[in-house]
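# Notes for the structure review
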Amino acid sequence: MDKLQSVEQFEALKNEERTIFMFSADWCGDCKFIEPFLPRLEADYPEYTFIEVDRDQFIDLCGELNIFGIPSFIAYHNGEEAGRFVSKDRKTLEEIEEFINGL
């Protein structure tokens, strides 16, 4: 999964056809828990571009987007927010797939 490099890149990527941003941090145990199945998600949903956003590196962006728990996901379709899976709880592969399938 590619990592976000700048706020300008975020703005450009959210305007693409289908992008899902995953907000995480190196120290986050729940983020480490989902890491093993992220390549499977990318393979199973090739219509989406998946981008990892480091919460600590982009703390102001997370505040603007009301991301206060990680891991969290926000999907954009052509610049519009299509859905979000945001909570402080650990997420399972099934829950993430349900979120994506519901977009």
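Summary of the structure given here.

Quick notes on the rules
- Residues numbered from 1 in each chain as written.
- Predicted model: local features only at pLDDT ≥ 70, side-chain atom pairs only at ≥ 80, totals over all residues.
- Heavy atoms only, no water.
- Helix = DSSP H or I, 4+ residues; strand = E, 2+ residues; numbered from the N terminus.
- Rg over C-alpha atoms; globule rule 2.2 N^0.38 Å.
- Buried < 20%, exposed > 50% of the residue type's maximum accessible area, 1.4 Å probe, protein only.
- Lys, Arg positive; Asp, Glu negative; His and termini not counted.
- Charge placed at Lys NZ, Arg CZ, Asp CG, Glu CD.
- Arc of directions from axis to C-beta.
- Contact = heavy atoms within 4.5 Å.
- Patch = residues over 30% accessible without salt bridge, like charges linked within 9 Å, V, L, I, M, F, W, Y side chains within 5 Å.
- Areas by Shrake-Rupley, 256 points an atom, 1.4 Å probe, with all protein chains shown as cover.
- Salt bridge = Lys/Arg side-chain N within 4 Å of Asp/Glu carboxyl O.
- Core = buried A, V, L, I, M, F, W, Y, C linked by side-chain atoms within 4.5 Å.

For the rest of this paragraph, the subject is the overall build of the chain. Helix and strand counts for the chain come out as five helices and five strands. The order of α-helices and β-strands along the chain, N terminus first, is β-α-β-α-α-β-α-β-β-α. In terms of overall size, the chain behaves like a compact globule, its C-alpha atoms giving a radius of gyration of 12 Å where 103 residues would be expected to give roughly 13 Å. Evaluated residue by residue, the chain yields a buried proportion of 45% over its 103 residues. The average position of the 10 basic charges and that of the 23 acidic charges among the side chains of the chain differ by 5 Å.

Moving on to helix α1 (residues 7-14). For an α-helix, the turn length of 3.6 residues means that residues three or four places apart are oriented alike. Every buried residue of α1 is accounted for by F10, L13 and K14. Considered in projection along α1, the buried side chains sweep an arc of 95 degrees and stay on one side of the axis. For α1, the secondary structure elements touched by its buried residues are β2 (19-24), β3 (49-54), α4 (59-64) and β4 (72-77).

The topology assignment puts S24 in strand β2. S24 has contacts with C31, E52, V53, D54, R55 and I70, leaving out every residue within four places of it along the chain.

This part covers a negative patch on the surface. Together, D89, E94, E95 and E98 give the surface a local cluster of negative charge. Take D89: it is sitting in the loop between β5 (80-85) and α5 (93-101).

Now for the nonpolar core. Core analysis: the biggest nonpolar cluster contains 18 residues, and L4, F10, F21, F23, L65, I67 and I70 have the highest contact counts within it. Every element with two or more residues in this core is listed here: α1, β2, β3, α4 and β4. Those residues in contact with I67, other than ones at most four positions away along the chain, are F23, C62, S72, I74, R84 and V86. F50, F73, A75 and I96 belong to the second-largest nonpolar core, a separate cluster that totals 16 residues.

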